[in-house]
Every structure is written in structure tokens, then in C-alpha cells.
Amino acid sequence: MRHFNVVVLGAGGVGKSALTVRFVQDVFLENYDPTIEEAYRRILDIDGVKTSLEVLDTAGAEQFTALKELYIKSGQGFVLVFSLTQEASLRELDNLRQQIHRVKGMDSDVPIVVVGTKLDLVTEREVARSTIQCLVALWKIPFYETSAKRDWHINDVFQELVKQMLIR
Ligand code: GTP
Ligand code: MG
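Residues numbered from 1 in each chain as written. Chains lettered and ligands numbered in written order. Predicted model: local features only at pLDDT ≥ 70, side-chain atom pairs only at ≥ 80, totals over all residues. Heavy atoms only, no water.

Asker: So what exactly am I meant to see when it comes to the coordination of the magnesium ion (ligand 2) here?
Answerer: In ideal tetrahedral geometry, four donors around a metal make angles of 109.5 degrees, whereas ideal octahedral geometry with six donors gives angles of 90 or 180 degrees. The magnesium ion (ligand 2) binds to the protein through S17 (OG) and T35 (OG1); the donor distances cover 2.0 Å. Separated by 18 residues along the polypeptide, S17 in helix α1 (residues 16-25) and T35 in the loop between α1 and β2 (37-46) bring together distant segments of the chain. We note that S17, like T35, is buried. (Donors = N, O, S within 2.8 Å, 3.2 Å for Na, K, Ca; no water. Helix = DSSP H or I, 4+ residues; strand = E, 2+ residues; numbered from the N terminus. Buried < 20%, exposed > 50% of the residue type's maximum accessible area, 1.4 Å probe, protein only.)

Asker: In this structure, what is going on with the nonpolar core? I would like to understand it.
Answerer: It is characteristic of soluble globular proteins that their nonpolar side chains tend to be buried jointly. By size, the foremost hydrophobic cluster in this structure holds 26 residues, and its most contacted members are V6, L19, F23, L53, V79 and F158. Secondary-structure elements contributing two or more residues to this core are β1 (2-10), α1, β2, β3 (49-58), β4 (77-83), β5 (112-117) and α5 (154-166). Per element, the largest residue contribution to this core is six residues, and it comes from α5. Contact partners of F158, with chain neighbours within four places excluded, come to V6, L19, F23, L44, L53, V55 and V79. Core analysis: the next-biggest nonpolar cluster, separate from the first, contains 22 residues, L56, Y71, L80 and V136 among them. (Core = buried A, V, L, I, M, F, W, Y, C linked by side-chain atoms within 4.5 Å. Contact = heavy atoms within 4.5 Å.)

Asker: I would appreciate a short explanation of the layout of surface pockets in the present structure.
Answerer: Empty space among the atoms can be located by rolling a probe the size of a water molecule over them. Empty space within the largest pocket amounts to approximately 630 Å³. Contributing to the lining of the largest pocket are 33 residues, with G15, S17, A18, L29 and Y32 lying nearest its centre. Of all elements in the fold, only α1, β2 and β3 reach the threshold of two or more residues within the lining of the largest pocket. The leading source of residues in the lining of the largest pocket is α1, at five residues. Each residue belonging to the lining of the largest pocket can be placed in one class, and the counts come to 14 nonpolar, 11 polar and eight charged. Here the second largest pocket defines a volume of roughly 160 Å³. In terms of lining, the second largest pocket is formed by 13 residues, of which the most central are D109, V110, W139, K140 and I141. Taken together, the residues of the lining of the second largest pocket break down into six nonpolar, three polar and four charged. (1 Å grid on protein atoms, 1.4 Å probe; cavity = no way out; pocket = protein on both sides within 12 Å on 5 of 7 lines; lining within 4 Å. Points joined across faces, edges and corners; volume = space filled by probe spheres on them. Nonpolar A, V, L, I, M, F, W, Y, C, P; charged D, E, K, R; others polar.)

Asker: Would you take a moment to explain the packing of aromatic side chains for this structure?
Answerer: Counted under the stated rule, the structure contains two aromatic pairs. Ring centres of F23 and F158 lie 3.8 Å apart, and the angle between their planes is 10°; on these two criteria the pair is classed as stacked. Taken as a pair, F23 in helix α1 and F158 in helix α5 lie far apart in primary sequence, 135 residues in all. By relative accessible area, F23 is classed as buried at 3%. We classify F158 as buried; its relative accessible area is 0%. With 6.3 Å between their ring centres and 20° between their planes, F82 and F143 make a pair best called stacked. You can see F82 sitting in strand β4 and its partner F143 sitting in strand β6 (residues 143-145), a full 61 residues away along the chain. Considered together, F82 and F143 belong to a single accessibility category, that of buried residues. (Phe/Tyr/Trp six-rings, centres within 6.5 Å; stacked < 30°, edge-to-face > 60°.)

Okay, here's the thing in C-alpha cells:
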């Protein structure tokens with residue numbers, strides 16, 4: 001069985017932990033408890049092919065940014081997370097994407113998936129689908145809108161990432 005290290009990155013409070021815990025344990029984290037660092041494991045079966053994933057849930061808080069470079073070095077695939085309810089969290093992603101390319105080498109083809117969270121909070125939405133689609137088209141990165149609360153499209157994110165990692 002292949003094993004991959006996946007790193008979940010994004011601003012504070014966007015829903016990185018809720019996404020990770022929904023994927024790994026199939027429960028919704030209702031209460032906000034800022035993360036320092038948490039590692040999870042899950043075996044994912046895609047069309048009969050089993051893959052073992054270590055998912056590293058990182059801190060969004062600024063005081064931990066020094067660790068980011070280490071995380072990026074250890075990661076083989078990245079989930080870049082922003083909240084559909086917070087425009088500023090989307091702007092953060094371009095920095096992260098560039099940092100990944102700096103650390104991994106400018107011309108390396110790194111598996112990345114972009115995720116917009118909190119799709120269920122319809123009335124609080126700040127980021128239009130068209131805005132994100134322009135960006136991800138430019139970046140050539142697959143994109144999903146998810147809800148950890150409702151369990152919408154969470155597995156799709158990790159399946160897509162594994163597919164990308166398997167062909168590397
Ligand atoms: P840091 O660890 O500080 O970086 O934050 P985080 O990105 O891990 O955020 P976390 O997953 O802890 O979620 C923050 C808050 O948003 C929590 O109260 C979650 O319950 C809530 N939340 C996360 N995902 C969703 C979602 O899909 N829908 C709704 N309604 N709330 C969500
Ligand atoms: Mg967290």
C-alpha cells in the first residue's frame with residue numbers, strides 16, 4: 001500500500017480542523033478550538049486501490065508560521081483551505097501556493113487541491129464562485145466547495161489529491 005503525507009494549510013478559523021476531522025472520524029467539530037498541530041491517519045479506498053494517508057492539520061494562527069516551511073518539506077500533497085464566508089482568507093492562499101512552489105522547487109508539479117469551506121452558511125457567503133474559478137483556472141488547481149457540517153464533498157477533496165499523488 002502506498003503512503004502519503006498530506007498537509008492542510010490556510011488561515012485561522014477557516015475550518016481546517018473541521019474538514020480534517022470530518023474526513024478522518026466522520027464527526028463535525030462544532031466548537032472552535034484553535035489548533036497547534038494535529039496528525040491523523042486514514043486509509044482511503046479508491047476503486048479498490050487502498051492508500052494510507054497521514055493528514056497533518058496545522059495552525060492558522062500567525063505565531064506558528066515558522067513551522068510552515070517544515071510542513072511543506074514533509075508534505076507530498078496539500079489542501080489549501082479558505083472560508084467561503086471570509087474574503088480575506090482567499091487572499092491568503094496565493095501566498096501559501098507561492099511558498100509551496102518556493103520550497104518544493106519552482107518547476108515541480110506539486111499535488112494541491114483548493115477548498116472553500118462552510119458552503120452551508122449560505123447567507124454569510126462572501127466569495128462568489130466565479131471569483132474562485134478565475135483564480136484556480138489561472139493556478140491550474142482543482143477546487144471544491146465543501147461543508148464539514150453537512151458532510152458535502154469532503155471525500156472528493158482527498159480522493160482528488162490522492163489521484164494526483166498516485167500519478168507522480
Ligand atoms: P485554526 O485551527 O485556528 O487554524 O482554525 P481551523 O481552520 O482549524 O478552524 P476550525 O475547523 O476549528 O473551525 C472554526 C469554526 O468554524 C468552528 O466553530 C467550526 O465548527 C466552524 N466550521 C468549520 N467548518 C464548518 C462548516 O462547514 N460549516 C459550518 N457551519 N461551520 C463550520
Ligand atoms: Mg484547526
